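Topology and contacts: notes
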Amino acid sequence: MTLSQLEVGETGIVKEFTDLEMSVKLMEMGCLPGETVKVSRIAPLGDPIAIHVSGYQLSLRKFEASTIILK
Amino acid sequence: MKADIRVALVGNPNTGKSTLFNALTGLNQKVGNFPGVTVDKKTGISQLPDGRRAEIVDLPGTYSLYPKSRDESIVFSVLAERDTELTPDLIVVILDATNLKRNLLLYTQVADLKIPVIVALNMIDMANKGGITIDTALLSKKLGVSVVPVSARKLEGINELKQAISYANKIALQQDSIDVRSVAPELISDICEEVKTNNPYFALQLAHQHETLKFLKPEESDRIEALEHKHSFHSQKAQATETIARYNYINDVLYDTVKTPAAAHDESISNKIDKILTHRVFGFIIFLGVLLFMFQSIFAWSSYPQSLIEDGFVWVEGLLRGVMPEGPLADLLIDGVVAGLSGVLVFIPQIAVLFAFISILEDTGYMARVTFMMDKIMRKVGLNGKSVVPLIGGFACAVPSIMSTRTIENWKDRMITIMVTPLVTCSARLPVYTLLIALVVPNRNVWWIFNLQGLALTGMYLLSLLSAIIVAWVMKFVLKARERGYFIMELPVYRMPRWNNVLFSMFERSKAFVLQAGKVIIAVSIILWVLSSYGPGDRFKNIGTKYSQPQIVKTMTPDSLARVISTEKLENSYAGVLGHVIEPVIKPIGFDWKIGIALITSFAAREVFVGTMATIYSVEGDADRIESVQDKMRNAKNPDGSPVFTLAVAFSLMMFYAFAMQCASTVAVVYRETKDWRWPAAQFAYMTFLAYASAFLVYTLLR
C-alpha cells in the first residue's frame, strides 16, 4: 500500500520508498521510515494532497505520494 | 565602517528568519546580490552590548545544505568558502520551537562544518502556548552550544541573543552529531587530503556539490570527480544514509528535552482555517475574491500617487524650462533624462502595492495554499501553482510581476512564467486599446446589456490570458528542465502578517527596480529622444527657414504654427526616417510610416503611442484630450483619400500592441532577473513574431 491510496483522515507508517531521488527530499522534510503520516486533506482538484508528518503539514503531489510505501 | 564580527543567519523557511534579521539590525540594512547570482543578499549591522558591531548576513531559507534551488545553493558556498568578505565568524541557526525535529536537521549539518554556532530558538511563545515544553539548558548541553529562546515577533530575547553573539567563542565547541566518515570513509579521507582540510563533513559536501561550487577550481573539481569514480560514490544513496543517521541523532537529542502534546493548539486552528480556504467551492471563490481585490487595489491605490508623480515631473520640467537657456542641452535634460526618469518612477506605486500584497499573502501562509489549490491546473500548461500571482499581477504591470517570480523554486517553471507574463494585458496597453476601440467599434449595445466596445476590450483581455497559456504550454516542450519537477512543500501554520516586513519588502523591491532597471530605461529614453528630435542632413534647418517666412507666420496663430512645426520635425527626424524605412515591412499589416513612427517611439512604453499620435496629427491642446486625438485620427486620410484607421488597421494595431514587447522596463527587468541577455532577446523575438503574425492575420481577414 502506498501513501497515495490513503483517504482523508487515514494514517499509516512509512516503510520504504520506490524512488531514490524523491526519497532524499522526503526524508529531509522529516518523512522517514518509521514516521506516522496522516492525510489531512486533498486539494480541491484531487491533486496534490496534504499530509501531517513530524509535527507539521506537508503537501506533495499524488505521484510523489505513490513512491512512499506504507507498512 | 568595518564590523568587528560577521554573523550568518541560517534557518528553514517560515521560521521567522527575516523577522529576526529585522529585529537584530533595525533600519541598518542593505540589499545586494550574492556575487554572480541573482539571489538577494541582505546584510545589516547590529550593535552588540559590549560595544562591538556585528555584520549580520541573512542567508536564504533552506531545509538542508543540499540545495533544491539556486537560492539555496548559496547557503553552503557562503558558509564553506574560506577568507572571503562573506565568510562568517559565527553562525546563528534559527530554529522554530514548534517544529524542532525537522529544523534540527539543518542545524546538525551546519554544526558539522565546525564553524562556531549558536541557536536562536524562535517562536518560543507559540511553542509554550501550544503546550510544548523545551528544556533549553539540557538541549544546550547536549548540542554543546548556547541556545537562546527568542520571540522575534514580540522582540523578546533579542538582547539575550545579542549578548550570546558577543560572548561567542572563536573556536567551534559543538558536539559531533553523526559519524560523518562512516558515510564514505575512503572517499572522505582522500578528499580531505586533496583539498587540505581536516573537516570530514566539508569533504563530504564537496563530493556532493563540487560541480556547482564556484570557489573550486575546475581541476580541483575534476580530481574530486575522479576520486568519486574510484570509490564508486553514489550521491543520493549517501544523502539518504546521512539523513537517516541525522534523524536518529535528532531523536536522541529530543527524547528527554522536548515534550509535545498529542495535537498542537496552533495546528488545530490552522486546520479549521484550511477547511474553508481550501474548500472545493469556497476555496476558489475566496481566492478569486482575493485576486480581484488585489487587482483592483493595484489600479486604484496606485493611480493617485502615480498622477502625483506625473504632475511632479511636469512641474520639474516647467521649472527647468524656465531656468535653463533654450537649446539642445535643455532639451536633452528635459525631454530625455527627466522624461525617462518619470517613466521609471511612475512604476513605483504599482510595484509597492503588488509587493505589499505578495508579502502579506506569503507571511500569512495563504500563498502556500494557493499553490496547493492551483498546482494541478497550472502544471497542465507547464506552469506552477505559484505562477498564478505573477500572471494576475501582469494585468496591472509586468515589471513587478516578473520580479515576484522569485518565489518559484523550480527553474523551468520560473522561466516559463517570466516568458509569458508580458503577454497579459497590462495597464499601459489600456490607453492604446481604448483609443483604437473607440475609433472603430460603434458604441452600442448588443443583446441588451453588452456594450460592443466593452466586449471588444474584454476580448482583448481574454485573448491575452489565452495566449499566455498557449505559449506556456508550447514552452513546456521547448525548454529543457534542469531539475526534476517536484512539489514537496511545507504548508506553514497560518499567522498574522508582520507589517514591518511588508513595509521593508515594498521599499526594497521599489529600490531594486529603480536602481537596476532604471538605468536601461533612461538610456532607452535618451536614445529615443535623440531619434525623434534630430534629423539627417539640414532637414531641420530647412523646416525652420520655411516656417519663419513672413507669409506663413502672418497667416497662422503662434500655437498652431508651433504644432505644425513639431509635426513636420517629427516626420523629418531620424524616427520619421526610420518610420519610412520600416514602411515596406509594416505595409502588409496595414500600417503606414506615421504609425511606424509611433511603433518606434512607444518602444520605451506602450502608452507613448497616444502621445506620438497626438504629435503626428498636430493635435490641438495636449495628448490627454483623448477625444481630440480620436478626431484627428478619424479624419486622417491616405494619399489616395481613403481613411487610414479602418476597422482592419485598428484591430491589426491592437493585435500588434497585444503581443509585441513594446516595453523597455520589462526587457530590463527580465535581464535583471535572468542575468542573461539571451532571455529578454528570445522573449523580444518570439513576441515580435507573434505580434506581426497576428496583426497580419487580422488585417488580411478584416480588410
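Chain B appears in an unreviewed UniProt entry as Ferrous iron transport protein B from Mucilaginibacter pedocola. The record held by UniProt for chain B lists under Sequence similarities (unreviewed entry) the comment "Belongs to the TRAFAC class TrmE-Era-EngA-EngB-Septin-like GTPase superfamily. FeoB GTPase (TC 9.A.8) family." Quoted straight from UniProt, the Function (unreviewed entry) entry for chain B says "Probable transporter of a GTP-driven Fe(2+) uptake system."

Going by what an unreviewed UniProt entry lists, chain A is known as Iron transporter and is assigned to Mucilaginibacter pedocola.

Some thoughts on the environment of Ser-64 of chain B
Structurally, the position occupied by Ser-64 of chain B is in the loop between strand S4 (53–58) and helix H2 (70–80). Sequence-wise, Ser-64 of chain B and Gln-630 of chain B are 566 residues apart; in three dimensions their C-alpha atoms are separated by 60 Å. For Ser-64 of chain B, the contacting residues outside a window of four places in its chain are Glu-28 of chain A together with Leu-105, Leu-106 and Gln-109 of chain B.

Some remarks on the domain arrangement of chain B
Interface size, as often reported, equals the accessible area lost upon joining of the parts. Residues and elements named next belong to chain B. Examined at the domain level, chain B breaks down into domain 1 (5–167) and domain 2 (180–261). If you average the C-alpha positions of domain 1 and of domain 2, the two centres end up 22 Å apart. The greatest single-element share of the side of domain 1 that touches domain 2, amounting to five residues, is contributed by helix H3 (residues 100–111). Its residues assigned to classes, the side of domain 1 that touches domain 2 comprises 13 nonpolar, six polar and six charged.

Some details on the nonpolar core
Residues and elements named next belong to chain B. Counting 208 residues, the largest nonpolar core has Leu-9, Val-93 and Val-119 as its most contacted members. Two domains share this core, each providing at least three of its residues, namely domain 1 (5–167) and domain 2 (180–261). Setting aside residues no more than four positions away along its own chain, Leu-9 makes contact with Lys-17, Leu-20, Phe-21, Ile-56, Val-57, Asp-58, Leu-59, Val-92 and Ile-94.

Considering the UniProt feature "binding site: Mg(2+) 1" (unreviewed entry) in chain B
Residues and elements named next belong to chain B. Taken from the UniProt record, the annotation "binding site: Mg(2+) 1" (unreviewed entry) applies to Asn-22. Along the polypeptide, Asn-22 turns up in helix H1 (residues 17–25). Taking the number of C-beta atoms within 10 Å as the measure of exposure, Asn-22 has 22 and is therefore buried. Not counting residues within four places of it along the chain, the set of residues in contact with Asn-22 comprises Asn-500, Asn-501 and Phe-504.

Some words on the interface of chain B and chain A
Listed per partner, the contact involves 32 residues of chain B and 30 residues of chain A. Elements that contribute at least two residues to the side of chain B that touches chain A include exactly H3, helix H10 (235–255), helix H11 (265–277), helix H12 (282–323), helix H15 (366–380) and strand S12 (489–490) of chain B. If you tally residues by element for the side of chain B that touches chain A, the top one is H10 of chain B, at seven residues. Class assignment for the residues of the side of chain B that touches chain A results in 14 nonpolar, nine polar and nine charged.

Overview of the packing of helix H7 (residues 185–195) of chain B against helix H9 (residues 218–230) of chain B
Residue and element names in this part refer to chain B. Remark: H7 packs on H9, axes separated minimally by 10 Å, with the N-to-C direction vectors making an angle of 160°. One element, H7, and the other, H9, form an angle in the roughly antiparallel class. Considering only the axes of H7 and H9, their crossing is right-handed. Residue-level inspection shows Leu-187, Asp-190, Ile-191, Glu-194 and Val-195 of H7 in contact with H9, the latter providing Glu-220, Arg-223, Ile-224, Leu-227 and Glu-228.

Some words on the UniProt feature "domain: Ferrous iron transporter FeoA-like" (unreviewed entry) in chain A
The feature "domain: Ferrous iron transporter FeoA-like" (unreviewed entry), as given by UniProt, occupies residues 1–71 of chain A in the numbering adopted here. This span, residues 1–71 of chain A, is 18% helix and 38% strand, and a straight line between its end C-alpha atoms measures 7 Å.

A look at the packing of helix H19 (residues 429–440) of chain B against helix H29 (residues 647–659) of chain B
Working note: a packed helix pair is described by the angle between its axes plus the distance between those axes. All names here are of chain B. Here H19 crosses H29 at 170°, and the two axes come no closer than 9 Å. Taken together, the axes of H19 and H29 lie roughly antiparallel to each other. Of the two possible hands of crossing, H19 and H29 adopt the one that is left-handed. Contacts between H19 and H29 involve Arg-429, Val-432, Tyr-433, Leu-436, Leu-439 and Val-440 from the former and Leu-647, Ala-650, Leu-653, Met-654, Tyr-657 and Ala-658 from the latter. Taken together, the residues of the contact of H19 with H29 sort by class into 11 nonpolar, no polar and one charged.

A word on the sheet that holds strand S2 (residues 36–42) of chain A
Taking strand neighbours across the sheet as the criterion, the six strands line up as S5(A)-S1(A)-S2(A)-S3(A)-S4(A)-S12(B) in an open arrangement whose pairing is antiparallel. Edge positions in the sheet fall to strand S5 (68–70) of chain A together with S12 of chain B, since each of these pairs with one other strand and no more.

Digging into the sheet that holds S4 of chain B
Residues and elements named next belong to chain B. In space, the seven strands of this open sheet follow the order S2-S3-S4-S1-S5-S6-S8, with mixed pairing throughout. In this open sheet, the two edge strands, each paired with only one partner strand, are strand S2 (29–33) and strand S8 (147–149). The mean angle between the axes of side-by-side strands here comes to 25°, regardless of whether they run parallel or antiparallel. Here strand S6 (residues 117–122) runs beside S8; their pairing, made up of three bridges, is parallel. Paired with Leu-121 across the two strands is Pro-149, which belongs to S8. Across the face of the sheet, H3 comes into contact with strand S1 (5–11), strand S5 (90–96) and S6 while running at roughly 165° to S5. Seen against the sheet, helix H5 (residues 136–143) touches S6 and S8 and runs at an angle of roughly 155° to S8.

Some thoughts on unusual backbone geometry
Cis rather than trans, the peptide bond between Asp-47 of chain A and Pro-48 of chain A has omega equal to -10°. Turning to its location among the elements, Pro-48 of chain A is positioned in the loop between S2 and strand S3 (49–53). The phi dihedral of Lys-114 of chain B is positive, around 60°, even though this residue is not glycine. Looking at the secondary structure, you find Lys-114 of chain B in the loop between H3 and S6. For Leu-155 of chain B, which is not glycine, the phi torsion reads 60° and is therefore positive. Along the chain, the position of Leu-155 of chain B falls in the loop between S8 and helix H6 (158–167).

Topic: helix H8 (residues 200–209) of chain B
All names here are of chain B. For H8, the buried fraction is high: 10 of the 10 residues fall into the buried class. For H8, the set of buried residues is Pro-200, Tyr-201, Phe-202, Ala-203, Leu-204, Gln-205, Leu-206, Ala-207, His-208 and Gln-209. Turning to H8, the residues buried within the fold contact H2, H7, H9 and H10.

Cut-offs used in this document
Residues numbered from 1 in each chain as written. Chains lettered and ligands numbered in written order. Predicted model: local features only at pLDDT ≥ 70, side-chain atom pairs only at ≥ 80, totals over all residues. UniProt positions renumbered as here; feature names shortened; annotations may be inferred. Helix = DSSP H or I, 4+ residues; strand = E, 2+ residues; numbered from the N terminus. Contact = placed C-beta atoms within 7 Å. Domains from an automatic or database assignment. Nonpolar A, V, L, I, M, F, W, Y, C, P; charged D, E, K, R; others polar. Core = buried A, V, L, I, M, F, W, Y, C linked by C-beta atoms within 7 Å. Buried ≥ 20, exposed ≤ 12 C-beta atoms within 10 Å, placed from the backbone. Axes fitted to C-alpha atoms, helices over the stretch in contact; angles between N-to-C directions. Parallel < 35°, antiparallel > 145°, perpendicular 65-115°, else oblique. Left-handed = near helix turned anticlockwise from the far one by under 90°. Pairing = 2+ DSSP bridges.

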